[in-house]
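Observations on chain architecture
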Amino acid sequence: MEQKAEEEVSNAFPPSFSSSDLKQLLHSLPSNALNHFFSLGVCVRCILRLFGIKGPIYASIDNGSVENPVDSTASNETKLCNVCLGILQFRFYDDREKRMFQKDAAYDVALLIADMVRQEGYQFDSFSLEVSIPPLILQKEASLWSYIQTKYGSEPWFQEKIHTGCVSIKDALKFSLINPLEKLLDCKSSWCPFRIRLTYTHTKASEGVAKCSDNGGSCKRRKTDESDSTGERPLSSSVENGSFDCSKLFPKSENEPCHFTYNCFRTPFYFGGRYLKYSRNVSQTCWIIDDERMGEASVEEIIGIKVLQACRGDNYKFHAAGREDIDVRMLGPGRPFILEVQNTRLVPTEQFANNIEKMINEEENKLVRVKNLKLVGSDGWNLMREGEGEKQKQYAALVWTSRPLKDEDFQQVSSLKDLKVVQRTPIRVLHRRSPLEREKIIHWMKMETVAGSSQYFLLHLCTQAGTYIKEFVHGDLGRTHPRYDKNLRLMQCLMAKMSGTHTNLLVTALF
Amino acid sequence: MSDRITEESNSSETKELEQKQDKQKKEEEYEDEELPKLLLSDVQTLPSTPPSAVESNFAIYFALDFMKPRHDQYVYRHANGLCVIGLAPSHVAFKDEGGITSTDFNVGKSDRSGVKVTGKRKKNAQHFESNTALCKVSTKNDSYIVRCCVKGSLLEVNQQLIKQPELLNASADREGYIAIIMPKPVDWLKIKPSLVNLEEYKKLREVS
């Protein structure tokens, strides 16, 4: 019965290893070390990895058929491994199912994981396995490896192995699970956004964690350390003295299996594009004070909610290159933005992005429009950097003055190039920004008549990024004014005329 | 067979190209025709005389006969809680011939124009009561004390008034503002009932 089950398992995974193959492999290893490890209570997979063996053999072994090469009656697999505390023996407390778990084959663990993945309902064509091991076990690994180095360092077989080092628990676990998972999930494993995360934790706190977490859990070649990970007397010296107590390596008090939990998730997807805002009552980001929403909607919600629903994600983050006030429209080419969507259940494609763009633009109320929505990688962030900071910004302000306009006004305004202005922190933001004087440059301006009015005009202007446009036009009670220079008299007259009268304005951002 | 496939893939390539060109054309049209229209779309609803920037952004209040008869001051309160303090048009100082000739912020225990308030938390700002003196304005024959009207932190005084006191005569309601004060919400609620709004002010002072 047992034989048959084992054959079935081993036949399922090429290349298959039968129990006799395993025996042969074990016999080929240096027997003194091998027996020593067995006597230390190390499980078969940990032994294989200490000898640097890699590959699908880890998946094929059936715990029930492992024999101690010296004393065939004793099997280490019934006891908890002193190094991996059951991780590579597929013994653990399943936090999801809330019960102890003890199986003989990697396949059974893979089944658990595959069931979970199916339940979560993700669309995927590949998966990437992530493993997290408690520091306590990494420390045990490091201690054991240090001990092995000291005891067997001079032996020829060790000198050979030194190049490959031992295989880490994480890697050995991956060797065990990836093949069965690929079979069960019907796809290959690769570096991809869909992640399956296996987390092992242990109730016992670790001692002297620092040293082994540096190692990252792998016991690759280390120079002979002067101190062991507990920070006490060097292991090496105690081994030479013959006074080393093996039981110190593996305190009985820690002999409990780990807690195991597993979940899957997708790393974030990023959508990039540009948005236009037609409304003067829509803020850029969600703006709620004391449970009351300011404005009727926000750009980030209009775009984010649609995208989130379409990809079935958990949440989104909206990043825009710069911003405009709630009562300022955003027209022209539109403002670049990136929408980060976390943990999508579906995999978005270019076509997908096109469809979402259409959906948003076909909304009845036409508050916001999206252009060129597409999936972006890290290059998207470069585009964003370009969109703010250094750049010049262009605006159109609809301005009213109490004095009727004359032709000279239009010419004077057009003649001003790279005008320096000093802006004290506008009163409307003074409550939350530092009181400073910021010098800004108005690169050019152009006035345009408005049909049927001698007192309204459209002011086109191009300014340095960070200029407060409204305050530039109405003067903010004189707290925004031109810096002294030869244009001063000209601008002063003009500004005085404008702000010495009443002005009101509606600003539109363009660029 | 293979010819047909290449033919089809060629035509789908040209289709893509066409779509791109179409898109570009639409964008150019938008820039040339639609955008200018959009920029002027508000024009239909424009009032002949819109409210001023101050009227649009602040709630306007007045403190009448503050501590002394005819010492009228205004308090412009922004939605963010900050208050701009200044002389109301009906202030007795404007009745003097020649108007206001000088200002002095060195009143009370310190020179109000000397303090440097820094940072988002407004470090170093002095905390004043509503009757604390802000500055002294002088005319040819007299001088008058201008007070805070609102209890709070003094964020800034209008330094321009030191060199250009005539700003008070020309535009006390704008460039001639005296100071900016940040009251705590509870202090504002306490003082508000004693202030009047623009409508009431116009009635009481018979100003147009």
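Let us look at the structure shown here. Since this is a predicted model, take the numbers as computed values, not measurements.

All names here are of chain A. Where helix 13 (residues 299-311) contacts helix 14 (residues 350-361), the two axes come as close as 10 Å, and the packing angle between them is 135°. In terms of orientation, helix 13 and helix 14 fall into the oblique class. Considering only the axes of helix 13 and helix 14, their crossing is right-handed. Across the interface between the two elements, I302, I303, K306, V307, A310 and C311 of helix 13 pack against F352, I356, M359 and I360 of helix 14. Taken together, the residues of the contact of helix 13 with helix 14 sort by class into nine nonpolar, no polar and one charged.

A few words on the nonpolar core. Of all hydrophobic cores here, the largest spans 74 residues; its most connected members are I113(A), L177(A), I196(A), L198(A) and Y200(A). Sequence-distant contacts of I196(A), that is, excluding residues within four places in its chain, are made with I113(A), V117(A), F127(A), S128(A), L129(A), E130(A), L185(A), N263(A) and C264(A). Listed in part, the 32 residues of the second largest apolar core include I85(B), F105(B), Y144(B) and C149(B).

What follows concerns the sheet that holds strand 2 (residues 73-78) of chain B. All names here are of chain B. Strand order in the open sheet made by the seven strands is 7-10-11-3-2-1-12, with antiparallel pairing throughout. The sheet is open, and its two borders are formed by strand 7 (126-128) and strand 12 (196-197), each paired with just one other strand. With two bridges joining them, strand 1 (residues 58-63) and strand 12 adopt antiparallel strand pairing. Pairing of F62 across the sheet is with V196, part of strand 12.

Let us look at the interface of chain B and chain A. Between chain B and chain A, the contact holds 39 residues from the first and 40 residues from the second. Between chain B and chain A, roughly 3300 Å² of surface is buried when both sides are summed, and carbon and sulfur atoms account for 59% of that area. Joining chain B to chain A, the criterion identifies two salt bridges. Linking E156(B) and R479(A) is a salt bridge whose minimum nitrogen-to-oxygen distance equals 2.8 Å. Scanning the region where chain B abuts chain A turns up seven residue pairs in polar contact (both at pLDDT 80 or more). At the level of secondary structure, the elements contributing two or more residues to the side of chain B that touches chain A comprise helix 1 (2-39), helix 2 (53-57) and strand 10 (152-157) of chain B.

The next point concerns the packing of aromatic side chains. Residues and elements named next belong to chain A. All told, the structure shown has 18 aromatic pairs over all chains when counted by the stated rule. A ring pair is formed by Y270 and W381, whose centres lie 5.9 Å apart and whose planes are at 75°; its orientation type is edge-to-face. Taken together, the residues span a long stretch of sequence, with Y270 in strand 7 (residues 269-277) and W381 in helix 15 (residues 379-387) at a distance of 111 residues. What links up through ring pairs into an aromatic cluster is the set F92, F101, Y200, F260 and Y262. Sitting above the plane of the Y152 ring, K151 keeps its charged end 5.8 Å from the centroid. When the ring centre of W191 is taken as reference, the NZ or CZ atom of R195 above it lies at 4.3 Å.

Residue and element names in this part refer to chain B. Read across the sheet, three strands follow the order 4-8-9 without closing on themselves; strand pairing throughout is antiparallel. Every interior strand has two partners, whereas the edge strands, strand 4 (102-104) and strand 9 (143-147), have only one. Strand-to-strand twist in this sheet, taken as the mean axis angle between neighbours without regard to direction, amounts to 25°. Pairing geometry for strand 4 and strand 8 (residues 133-138), over three bridges, is antiparallel. What sits directly across from T103, in strand 8, is V137.

What follows is about the pattern of salt bridges. Residues and elements named next belong to chain A. This structure, assessed with the given rule, holds 23 salt bridges over all chains. The salt bridge partner of R96 is E120, with a shortest N-O separation of 3.8 Å. Here E120 lies in helix 6 (residues 106-120) and R96 lies in the loop between strand 1 (91-94) and strand 2 (99-102), a separation of 24 residues in the sequence. Between K470 and D325 there is a salt bridge, and its shortest N-O distance comes to 2.9 Å. Within this pair, whereas K470 is found in helix 17 (residues 469-474), its partner D325 is found in the loop between strand 12 (315-320) and strand 13 (329-342), the two being separated by 145 residues in sequence. Classification of K470 as buried rests on a relative accessible area of 16%.

With that settled, the discussion passes to the pairing of strand 10 of chain B. Every regular strand shows the same layout, with side chains that alternate between the two sheet faces. Residues and elements named next belong to chain B. For strand 10, the tally of buried residues reaches six of six residues, placing the bulk of the element in the interior. Note: strand 7 against strand 10, three bridges, orientation antiparallel. In the strand pairing of strand 10, Q126 is matched with L154. Pairing of strand 10 with strand 11 (residues 179-182), which is carried by four bridges, proceeds in the antiparallel orientation. Paired with L154 across the strands is I181, a residue of strand 11.

Conventions we followed
Residues numbered from 1 in each chain as written. Chains lettered and ligands numbered in written order. Predicted model: local features only at pLDDT ≥ 70, side-chain atom pairs only at ≥ 80, totals over all residues. Heavy atoms only, no water. Axes fitted to C-alpha atoms, helices over the stretch in contact; angles between N-to-C directions. Helix = DSSP H or I, 4+ residues; strand = E, 2+ residues; numbered from the N terminus. Parallel < 35°, antiparallel > 145°, perpendicular 65-115°, else oblique. Left-handed = near helix turned anticlockwise from the far one by under 90°. Contact = heavy atoms within 4.5 Å. Nonpolar A, V, L, I, M, F, W, Y, C, P; charged D, E, K, R; others polar. Core = buried A, V, L, I, M, F, W, Y, C linked by side-chain atoms within 4.5 Å. Buried < 20%, exposed > 50% of the residue type's maximum accessible area, 1.4 Å probe, protein only. Pairing = 2+ DSSP bridges. Buried area = accessible area lost by both parts, 1.4 Å probe. Salt bridge = Lys/Arg side-chain N within 4 Å of Asp/Glu carboxyl O. Polar contact = N/O pair within 3.5 Å; in protein donor to acceptor, adjacent residues only side chain to side chain. Phe/Tyr/Trp six-rings, centres within 6.5 Å; stacked < 30°, edge-to-face > 60°. Lys NZ or Arg CZ within 6 Å of the ring centre and 35° of its normal.

In short, geometric facts, not functional conclusions.
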